[in-house]
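Structural characterization, general
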Amino acid sequence: MDSEDGGGVIENSAGEELVASEGVVILEPHEGMEFESEDAAKIFYDEYARRLGFVMRVMSCRRSERDGRILARRLGCNKEGYCVSIRGKFGAVRKPRPSTREGCKAMVHVKSDKSGKWIITKCIKDHNHPLVVSPREARQTMDEKDKKIQELTTDLRNKKRLCAAYQEQLVAFMKEVEEHSDQLSKKAQVIANNLREFESKEQEVSHQR
């Protein structure tokens, strides 16, 4: 299935499909494709979408009833579905906005398996619209995303270190308070013993009189 711009579909040594678009070879998603995590699947499909000429949309997911974790996720095109008219407060139809929805069915369904990997279980590649992303629709490039992720990771790491330092100081302070309390308890015990000893001697003196 050759594209209009002279591109086409080829296979690599692993039997995976590669699509050539404007001189760039892109690895195509396919059923059975594995990823280390849900985020890895999202990053791959987002990069694939950006290179091919459409915008990825993160769609529905299925969660575990036991602990709420995500078990499966559907990723698709931002032109998926159709725009539904929304009625105003008093029943009048609001002024329609330009819709980007065109009922596109292109999508991948990724599911977590027992090993913890995420696998594509369903894949639809065909789009019903031109694969051209306008500047306004264009999402962040992977370089920008990687930079943002790196910044957030560094910030989180610094906050964790600060939290650990505070925790260490708190533990040291609690230990010091505990040691001080022990010393006070010992001093109080010595005073109590001295008082008892003094009272005992005082009683002996009284009896001798």
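Here, the structure is the one placed above.
In what follows, the accompanying structure is described. This structure is a prediction, so every number in the text was calculated from the model and none was measured.

Here's the deal with the overall build of the protein chain
Regarding its fold elements, the protein chain presents two helices and eight strands. A buried classification covers 23% of the 209 residues belonging to the protein chain. The long-range fraction of contacts in the protein chain, counting pairs at least 24 apart against all pairs at least 6 apart in sequence, stands at 43%. Accessible surface for the protein chain amounts to roughly 16,200 Å². Of this, 52% is attributable to carbon and sulfur atoms.

Quick notes on a negative patch on the surface
Together, Glu176, Glu178, Glu179 and Asp182 give the surface a local cluster of negative charge. Inspection of the secondary structure puts Glu178 in helix α2 (residues 142–208).

Describing the sheet that holds strand β7 (residues 107–112)
In space, the five strands of this open sheet follow the order β4-β8-β7-β6-β5, with antiparallel pairing throughout. Single-partner strands in this sheet number two, and they are β4 (34–35) and β5 (56–63). Pairing geometry for β4 and strand β8 (residues 118–124), over two bridges, is antiparallel. By the bridge assignment, Glu34 is partnered in β8 with Ile119. Its contacts with the sheet put helix α1 (residues 38–52) on β4, β5, β6 (70–77), β7 and β8, and the angle it makes with β6 is roughly 5°.

Quick look at the nonpolar core
In terms of nonpolar packing, the biggest core is built from 21 residues, with Phe35, Tyr45, Tyr48, Phe54, Val108 and Ile120 touching the most fellow members. Other than its neighbours up to four places away in sequence, Val108 contacts Pro29, Tyr45, Arg73, Arg74, Leu75, Ile120, Lys122 and Cys123.

Description of the environment of Cys123
Residue position: Cys123 is located in strand β8. The exposure class of Cys123 is buried, given its relative accessible area of 17%. As a C-alpha pair, Cys123 and Met33 span 90 residues in sequence and 10.0 Å in three-dimensional space. With residues near it in sequence (within four places) discarded, Cys123 still touches Pro29, His30, Glu31, Met107 and Val108.

Looking at the pattern of salt bridges
Any two side chains of opposite charge can pair, on the condition that their charged atoms come close. The tally for this structure, following the rule as stated, stands at nine salt bridges. Residue Lys42 pairs with Glu38 through a salt bridge whose shortest N-O separation is 3.4 Å. On the criterion of helical spacing, the pair formed by Lys42 and Glu38 is a turn pair, its members being four residues apart in helix α1. The class for Glu38 is buried, based on a relative accessible area of 13%. When salt bridges that share partners are traced, they join Glu34, Glu36 and Lys117 into one network.

Some details on the pairing of β5
Note that β5 and β6 share six bridges and pair antiparallel. Among the inter-strand pairings, Arg62 is bridged to a residue of β6, identified as Ala72. Between β5 and the antiparallel strand that follows it, β6, lie six residues; Gly68 among them carries a positive phi value of about 80°.

So, the pairing of β6
β6 sits mainly inside the fold: seven of its eight residues count as buried. As defined by bridge partners, β6 adjoins β7 across five bridges and the pair is classed as antiparallel. Bridging across to β7, Leu75 finds its partner in Val108.

Regarding the packing of aromatic side chains
Summed over all chains, the structure comprises five aromatic pairs. Taking 5.8 Å as the distance between ring centres and 65° as the angle between the ring planes, the aromatic pair formed by Tyr45 and Phe54 counts as edge-to-face. Owing to a relative accessible area of 2%, Tyr45 belongs among the buried residues under this scheme. Clustering of aromatic rings is evident, with ring pairs tying together Phe35, Phe44, Tyr45, Tyr48 and Phe54.

Examining the environment of Val132
Take Val132: it is sitting in the loop between β8 and α2. On the basis of relative accessible area, Val132 is assigned to the exposed category, the value being 60%. Linking Val132 and Leu52, residues 80 residues apart in sequence, is a C-alpha distance of 8.1 Å.

The rules behind the values
Residues numbered from 1 in each chain as written. Predicted model: local features only at pLDDT ≥ 70, side-chain atom pairs only at ≥ 80, totals over all residues. Heavy atoms only, no water. Helix = DSSP H or I, 4+ residues; strand = E, 2+ residues; numbered from the N terminus. Buried < 20%, exposed > 50% of the residue type's maximum accessible area, 1.4 Å probe, protein only. Contact = heavy atoms within 4.5 Å. Areas by Shrake-Rupley, 256 points an atom, 1.4 Å probe, with all protein chains shown as cover. Patch = residues over 30% accessible without salt bridge, like charges linked within 9 Å, V, L, I, M, F, W, Y side chains within 5 Å. Salt bridge = Lys/Arg side-chain N within 4 Å of Asp/Glu carboxyl O. Lys, Arg positive; Asp, Glu negative; His and termini not counted. Charge placed at Lys NZ, Arg CZ, Asp CG, Glu CD. Pairing = 2+ DSSP bridges. Axes fitted to C-alpha atoms, helices over the stretch in contact; angles between N-to-C directions. Core = buried A, V, L, I, M, F, W, Y, C linked by side-chain atoms within 4.5 Å. Phe/Tyr/Trp six-rings, centres within 6.5 Å; stacked < 30°, edge-to-face > 60°.

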